[in-house]
Amino acid sequence: MRTSWLTKITAATAALMLTAAACGGGESNKARPAAAEQGSATTSKLLLWSEGIDHKDLYGGSLARFNAANPKSPISLQIYENDSYKKMLQHDLTRPGAPDLFFNWGAANLKSLVDRGLVADITDELAADPSWKSRYLPSTLEAVTFNGRTYGVPMLSMQPVSFLYNKKAFARIGARPPKTLDDLFALIPRFQAKGITPVALAGKQPWTELMWMEYLVDRFGGPDVFRRIQRGDTTGWRDPAIRRAAETIRRLVDAGAFGKKFSSVSYDDHDPVNMLSSGHAAMELMGSWEYVVLLELAPGFVKNNDVGWFPFPRVAGGKGNPLDVVGNPSNFYSIRAASPHRKAAVNYLKALAADKNYQSWLVQHGEVPALKGVAGQLSHSDSAGWLNFVYSLATTAPHFQLSWDQAVEPATADVILDDLDQLFEKKIGPDAFVRALSLS
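Draft legend 1. Highlighting the overall build of the protein. If you tally the helices and strands in the protein, you get 22 helices and 13 strands. Counting over 440 residues, the protein shows a buried share of 58%. Counting only contacts in the protein whose residues sit at least 6 apart along the sequence, the fraction spanning at least 24 positions is 76%. As displayed, the protein offers around 17,500 Å² of accessible surface, 51% of which is attributable to carbon and sulfur atoms.

Draft legend 2. Region of interest: helix H10 (residues 207-221). Taking 1.5 Å of rise per residue, the 15 residues of H10 would be expected to cover 21 Å, and the 21 Å separating its terminal C-alpha atoms lies within 8% of that figure. With 15 of 15 residues buried, H10 lies mostly within the body of the structure. A positive backbone phi angle near 85° is found at Gly222, which sits one or two residues after H10.

Draft legend 3. Looking closely at the packing of helix H9 (residues 181-193) against helix H12 (residues 240-255). One way to put it is that H9 packs onto H12 with a least axis distance of 10 Å and a crossing angle of 15°. Comparing their axes, H12 and H9 come out roughly parallel. Crossing angle aside, the handedness with which H9 passes H12 is right-handed. Between H9, through Leu181, Phe185, Ile188 and Gln192, and H12, the contact on the second element is made entirely by Thr248, Arg251, Leu252 and Ala255. Looking at the contact of H9 with H12 residue by residue, the classes come out as 5 nonpolar, 2 polar and 1 charged.

Draft legend 4. View of the environment of Glu209. Its location among the elements puts Glu209 in helix H10. Judged by relative accessible area, which is 0%, Glu209 ranks as buried. Spatially, the C-alpha atoms of Glu209 and Phe424 are 7.8 Å apart, while their sequence positions differ by 215 residues. Discounting chain neighbours no more than four positions away, the residues touching Glu209 are Leu201, Gly203, Phe262, Leu420, Asp421 and Phe424.

Draft legend 5. Just the nonpolar core, in detail. In terms of nonpolar packing, the biggest core is built from 148 residues, with Trp212, Met213, Phe258, Met283 and Phe433 touching the most fellow members. Contact partners of Phe433, with chain neighbours within four places excluded, come to Met213, Ile242, Ala246, Asp419, Leu420, Leu423 and Ile428.

Draft legend 6. Fine view of the sheet that holds strand S6 (residues 153-154). In space, the 5 strands of this open sheet follow the order S2-S1-S3-S12-S6, with mixed pairing throughout. The sheet is open, and its two borders are formed by strand S2 (75-80) and S6, each paired with just one other strand. Sheet contacts for helix H2 (residues 56-69): strand S1 (46-51), S2, strand S3 (101-104) and strand S12 (332-335); angle to S2, the most-contacted strand, approximately 170°.

Draft legend 7. Main features of the packing of aromatic side chains. For the structure on display, the rule yields 29 aromatic pairs. Between the aromatic rings of Phe66 and Tyr348, the centroid separation amounts to 5.2 Å while the plane-to-plane angle is 80°, which identifies the pairing as edge-to-face. Pair noted here: Phe66 is in helix H2 and Tyr348 is in helix H16 (residues 342-353), with a separation of 282 residues, a long-range link. In this structure, Phe66 and Tyr348 share a single accessibility class: buried. The ring centre of Trp105 lies 5.2 Å from the NZ or CZ of Lys86, which sits over that ring. Lying across the ring of Phe185, Arg251 places its NZ or CZ 4.0 Å from the centre.

Draft legend 8. Representation of the pattern of salt bridges. The final tally for this structure, using the stated rule, is 16 salt bridges. The closest approach of N and O atoms between Arg243 and Glu247, which form a salt bridge, is 1.6 Å. Of the two residues, Arg243 and Glu247 both sit in helix H12, 4 residues apart, roughly one turn of that helix. Residue Lys427 pairs with Glu425 through a salt bridge whose shortest N-O separation is 3.3 Å. When its relative accessible area of 59% is taken as the criterion, Lys427 is described as exposed. Via salt bridges that share partners, Asp121, Asp124 and Arg149 belong to a single interconnected network.

Rules used in this analysis
- Think of each chain on its own: its residues are numbered from 1, step by step along the sequence as written.
- Totals for whole chains, interfaces and linings use all residues, but because this is a predicted model, local features are given only for residues with pLDDT of at least 70 and pairs of side-chain atoms are given and counted only at 80 or more.
- Each side-chain value is worked out from all heavy atoms of the structure, with water and hydrogens disregarded.
- The secondary structure listing takes helices from DSSP runs of H or I that are at least 4 residues long and strands from runs of E that are at least 2 residues long, numbered from the N terminus.
- Type-normalised accessible area, obtained with a 1.4 Å probe on protein chains alone, sets the label of each residue: buried when under 20%, exposed when over 50%, and partly exposed for intermediate values.
- Contacts are assigned to residue pairs with any non-hydrogen atoms lying within 4.5 Å of each other.
- All accessible areas in this document rest on Shrake-Rupley with a 1.4 Å probe, and a residue is counted as covered only by the protein chains that are shown.
- Helices are assigned an expected span. That span is 1.5 Å times one less than the residue count.
- Angles run from 0 to 180 degrees between N-to-C directions of axes, and those axes are lines fitted to C-alpha atoms, restricted for helices to the stretch in contact.
- Each angle is binned into one of four classes, with values under 35 degrees roughly parallel, values over 145 roughly antiparallel, values of 65 to 115 roughly perpendicular, and all other values oblique.
- Here a crossing is taken to be left-handed if its near helix is turned anticlockwise relative to the far helix by less than a right angle, and right-handed if that turn runs clockwise.
- The classification used treats Ala, Val, Leu, Ile, Met, Phe, Trp, Tyr, Cys and Pro as nonpolar, Asp, Glu, Lys and Arg as charged, and all other residues, Gly among them, as polar.
- Each nonpolar core is a collection of buried residues, namely Ala, Val, Leu, Ile, Met, Phe, Trp, Tyr and Cys, held together in the definition by side-chain atoms within 4.5 Å.
- Criterion used throughout: strands pair if DSSP finds at least two bridges between them.
- Aromatic contacts are taken between Phe, Tyr and Trp rings whose centres are within 6.5 Å, Trp giving its six-membered ring; a plane angle under 30 degrees counts as stacked, one over 60 as edge-to-face, and the others as tilted.
- Two conditions define a charge sitting above a ring: the NZ of Lys or the CZ of Arg must be within 6 Å of the ring centre, and it must be within 35 degrees of the ring normal.
- Whenever a carboxyl oxygen of Asp or Glu lies within 4 Å of a side-chain nitrogen of Lys or Arg, that contact is scored as a salt bridge.

This is the structure in structure tokens:
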């Protein structure tokens, strides 16, 4: 996955993001550094950079509550469009007007900033306040922890990848969700006989194909296979699990699991959601944000209880734990190393972790906060079944693998996605796929 679900938006919303005024700062949402806030003798103003206009109310609400309780250190917010924001993080954190706090995706993108000395190490602050650190699920901190030091904390929802399915489509063939990979293969011809695409896949965006490779490699070989690759050991690409995953993908494509025209199916145009909710497709493998998209674009499909869900199937003879998940453990807030307001910034992060209203907003919008102790809130939601499923996936997973294209450097991610897309489109075979990546 390229980024969080924040970037998976309609074209209309994307256009809005380029012109909408950012909260608090009054700046337009363009690719330029935010203006520095001027403080007074008695007030220290902090600046927060974030991404995603669709969370504007969430961000603004949390800041309003914090600012009311901390009038001497208020925080102002500036929101930016995704691609522009990524460039700003790499180039503008050392310039005038740089933020005190900033949104990020953790992993390789954050580590590049850590290596440049631009991010505050908050390990000691977390250790000094166990009640704060203990609010987070340990797995969610892995993406912001490097060499045993922590450089951020979760600020949004957990986003594991799983299957969504159309219950009516399954009823048409008298089937239940597959528990094993063999079960999944057995369903393909049965759906095809009814004119139903077994699995909706937005092949126009290769990051949607990456989820299949991530899960299959984990199921066949366990998490250590990709850990080697993430550490820069390119021989990891020659692990038998990589080839078995590539062979399985070719089998799925050859069997027609994704239909004949999946390479023209567009996620940005919401084709998979439309296929799934209309019954033209039976299943979709996607991050938990897809349920949020369904709530927006196909509310009747959700309200009528026509949508179901299940985890990625087990693989016979695989080394991986079938409870492992892939996806995004969360998104994060970090503090700029040179911020003159570090103590106030830490106080905001603590307040956010304890902000029940913030958590309730996420739950009401079909998301699961990346925190311990939220199960009670989930059960009172209209989407309780889905939310509890997501919470269980994330909290019981022995290993929560961050999406590969976020776990590695952007240049490496581009190579992986390009070669994987060629594998799905049958331009290269499993052997060529393994060879290409092991030489990259």
